[in-house]
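One letter stands for each residue in the lines below.
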Amino acid sequence: MHCLFVLVVCLNDLKRKYFNSAVLLLLSSVIVKAVSAVYKIPLTAYIGATGRGYFNIAYNLYMPLHAVIMGAFPVAVSHLVSKYNSKGDTAKIYSLRLAANRLFFVIGLLGTALMLVIAKPYSALIASSPKSIATIYVLAPTALFSSMAAARRSVAEGYMNMLPTSVSQVLEALFKVVFGLFFAKLAMALLYNQYISSGAVFGTTCGDEVQALSMIYPLTSAAAVGGVTLGALVSLVYLGAYSSFKYNSRPLKCAYKTGESAREILSFSLPIIASTLIQSISVFAYNSSVQYCLSLADFDLLKQNYSACLAVNSTPDEDVLTYIYGLFSTAQDFKNIIPGFTMALGVAAVPALSSAFEDENRSRLSSMSNSIFKYTSILGIGGGAYLALVAEDMLSILYKSSNYDIVLGCTGLIKFMGFTMLLYSLSGAAVFAVQAIGAASKSIPALIASGVIRVALCVLLVSNSRLGILGAAVADAAAYLVLLVSNLCIYKKYSGVKYRPADIFLKPAACSLLAYFGAKIIYSSLFSLQGNLLNFLVFSALFGLIFTVGIVLSKTVNFSEFKILQYG
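Since this is a predicted model, take the numbers as computed values, not measurements.

Parameters and conventions
- Residues numbered from 1 in each chain as written.
- Predicted model: local features only at pLDDT ≥ 70, side-chain atom pairs only at ≥ 80, totals over all residues.
- Heavy atoms only, no water.
- Helix = DSSP H or I, 4+ residues; strand = E, 2+ residues; numbered from the N terminus.
- Contact = heavy atoms within 4.5 Å.
- Salt bridge = Lys/Arg side-chain N within 4 Å of Asp/Glu carboxyl O.
- Buried < 20%, exposed > 50% of the residue type's maximum accessible area, 1.4 Å probe, protein only.
- Core = buried A, V, L, I, M, F, W, Y, C linked by side-chain atoms within 4.5 Å.
- Axes fitted to C-alpha atoms, helices over the stretch in contact; angles between N-to-C directions.
- Parallel < 35°, antiparallel > 145°, perpendicular 65-115°, else oblique.
- Nonpolar A, V, L, I, M, F, W, Y, C, P; charged D, E, K, R; others polar.
- Expected span 1.5 Å × (residues − 1).

K.L.:
How would you summarise the environment of Cys-410 if you had to cite specific residues and measurements?
P.N.:
Examined against the element boundaries, Cys-410 turns out to sit in helix α13 (residues 404-419). Note: C-alpha distance between Cys-410 and Phe-328 (82 residues apart in sequence) is 7.3 Å. Aside from chain neighbours lying at most four places away, what touches Cys-410 is Leu-327, Thr-330, Ala-331 and Leu-395.

K.L.:
Any details on the pattern of salt bridges? Residues and values, ideally.
P.N.:
A complete count under the given rule lists six salt bridges for this structure. Residue Asp-317 pairs with Lys-303 through a salt bridge whose shortest N-O separation is 2.8 Å. One end of the pair, Asp-317, is in the loop between α9 (307-313) and α10 (320-335); the other, Lys-303, is in helix α8 (residues 299-305), and 14 residues separate them in sequence. Residue class for Lys-303 comes out partly exposed when judged on its relative accessible area of 27%. Linking Arg-454 and Asp-476 is a salt bridge whose minimum nitrogen-to-oxygen distance equals 3.0 Å. Pair noted here: Arg-454 is in helix α15 (residues 444-462) and Asp-476 is in helix α16 (residues 469-495), with a separation of 22 residues, a long-range link. Like Arg-454, the residue Asp-476 is buried in the burial classification. Members of the salt-bridge network, linked through shared partners, are Lys-335, Arg-454 and Asp-476.

K.L.:
I'd love a proper account of the nonpolar core, names of residues and values included.
P.N.:
Core analysis: the largest hydrophobic core is formed by 129 residues, its most contacted members being Ile-265, Leu-327, Phe-328, Phe-373 and Tyr-491. The element that contributes the greatest number of residues to this core is helix α1 (residues 2-86), accounting for 21 residues. If we skip the residues at most four places from it in the chain, Leu-327 touches Ala-49, Tyr-306, Cys-309, Asp-405, Ile-406, Gly-409, Cys-410 and Ile-469. Counting residues in hydrophobic clusters, the runner-up holds 19 residues, among them Ala-385, Ala-519, Phe-543 and Ile-551.

K.L.:
Residues and numbers for the packing of helix α12 (residues 362-399) against α13, please.
P.N.:
Each pair of packed helices can be described by the angle between their axes along with the distance between the axes. Orientation of α12 relative to α13, taken along the N-to-C sense of each, is 170 degrees, at an axis distance of 8 Å. Compared by their axis directions, α12 and α13 come out roughly antiparallel. Every residue of α13 that contacts α12 at Gly-384, Ala-385, Leu-387, Ala-388, Ala-391, Glu-392, Leu-395, Ser-396 and Tyr-399 is listed here: Tyr-404, Ile-406, Val-407, Cys-410, Thr-411, Ile-414, Lys-415, Gly-418 and Phe-419. Counted by class, the contact of α12 with α13 contains twelve nonpolar, four polar and two charged residues.

K.L.:
Describe helix α17 (residues 501-526), naming the residues involved and giving the relevant values.
P.N.:
Its 26 residues place the ends of α17 36 Å apart at the C-alpha level, agreeing with the 38 Å of an ideal helix rising 1.5 Å per residue. Three or more residues of α17 are buried, namely Asp-503, Ile-504, Pro-508, Cys-511, Ser-512, Ala-515, Tyr-516, Gly-518, Ala-519 and Tyr-523. Buried residues along α17 sit against α12, α13, α14 (421-436) and α18 (532-553).

Next up, the structure:
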């Protein structure tokens with residue numbers, strides 16, 4: 001009886017720490033996404049889809065490095081700190097912290113150097129956008145700053161302390177939006193005034209305003225990215241100060257060498273790095289194939305299919321492919337909002353699941369795993385259905401007066417992404433779960449398969465001028481479906497958990513569909529409003545009400561799971 005009581009207390013304590021960590025990260029994610037919207041929405045309205053194309057071409061090159069820096073190595077450090085903390089081995093944790101700081105500095109330095117070296121061939125040969133090179137150069141130092149910051153935050157995450165991660169994310173986002181928009185606005189004003197006064201930009205004569213803007217947009221995008229780099233530096237400064245204050249206590253005797261700890265980090269990281277690299281290379285290949293396959297499509301037919309957008313935007317032929325890719329990038333901003341929230345659940349889950357797995361109590365692991373996957377599904381399916389419902393009104397509110405072409409080009413794409421949102425959200429949680437139990441290497445074949453499927457379908461569909469970037473969205477969804485199913489199977493096999501499909505899939509899906517169609521039916525029956533803002537507010541209220549009632553009555557949400565939050 002006493003053992004049972006101790007087991008229940010341990011389970012509740014672990015769940016309490018996990019939910020507290022997850023809630024904190026979710027709150028910071030909401031703030032970061034809101035701030036990012038404040039950044040990207042006016043930025044897109046300011047520099048248009050063409051400028052966003054340059055912006056995202058640079059990010060496409062950076063993201064594989066970012067995934068390893070912010071994903072693979074921090075997971076390893078977090079796991080190891082959690083492991084040795086449960087044993088009370090403070091000397092080992094101190095050694096791991098020193099090793100992580102040195103290791104992540106070298107990794108970040110190599111990442112920055114790599115971006116600088118391959119910027120020119122990538123922008124010219126793969127992205128078919130030579131003018132994007134300035135944006136890549138400005139973004140390159142972010143690899144170093146982010147890597148050094150990741151070393152500091154991963155130690156805290158090992159203690160399930162998500163405060164420094166949350167604060168650093170908010171700080172980075174705030175500096176990005178303030179200085180990114182300031183730098184972009186300043187660059188636009190200076191360069192456009194230069195054209196007005198001299199008819200040239202940096203000494204190159206421009207025949208008309210369209211040609212001038214074609215030269216200005218790449219430089220304005222590079223200036224905007226300067227805010228991103230500055231935000232990463234500020235995040236590093238904060239995390240360095242926090243880590244030095246909170247975790248700098250040196251044990252009286254440290255029997256561990258830093259080199260040994262670095263090798264342990266690398267040893268645990270290798271399968272995660274391999275899977276992360278494969279996934280990142282897959283995403284890189286996917287985005288690059290979208291850019292490249294657009295150039296393979298029949299140009300005249302492609303222009304005809306996007307004629308309504310191009311007529312509004314007055315895009316010159318030399319920038320049409322970058323412009324269409326910019327539409328795709330803008331739609332991706334909205335698609336990434338919800339997985340950005342659910343990512344918090346996955347990050348917080350790593351030390352919690354690792355601890356439960358090490359204890360070899362499968363009932364406890366199953367309980368926590370099902371809770372994580374269930375709430376990820378609620379956010380993913382519900383959020384996706386809501387996004388599909390309000391896509392047109394939301395885009396109209398944001399861009400109708402400044403860039404109506406974005407409303408025309410992105411509405412259908414965002415609706416499709418909304419209905420497939422579960423795939424993007426839950427697959428991330430499944431990958432984190434597999435990594436948490438040390439089985440990252442088992443998911444490598446699935447990552448390779450999903451990557452091949454994504455690129456192959458992209459080549460097949462995007463090069464079809466009638467589909468264009470919608471084909472890219474279809475290819476992405478198919479790849480994530482393979483990734484999700486594979487990792488759920490791997491996690492079940494190697495962890496021994498038992499899934500509750502009704503809680504994870506069926507109930508959230510039923511409530512989401514009920515809210516989506518219920519909102520549409522009630523709106524068409526009772527309302528006939530003029531104006532996108534009113535439509536958006538009414539649809540939001542109806543969807544939120546129906547969805548909330550649905551998940552409560554169906555007992556999809558179990559409020560007893562949150563009672564433990566009041567303790568500690």
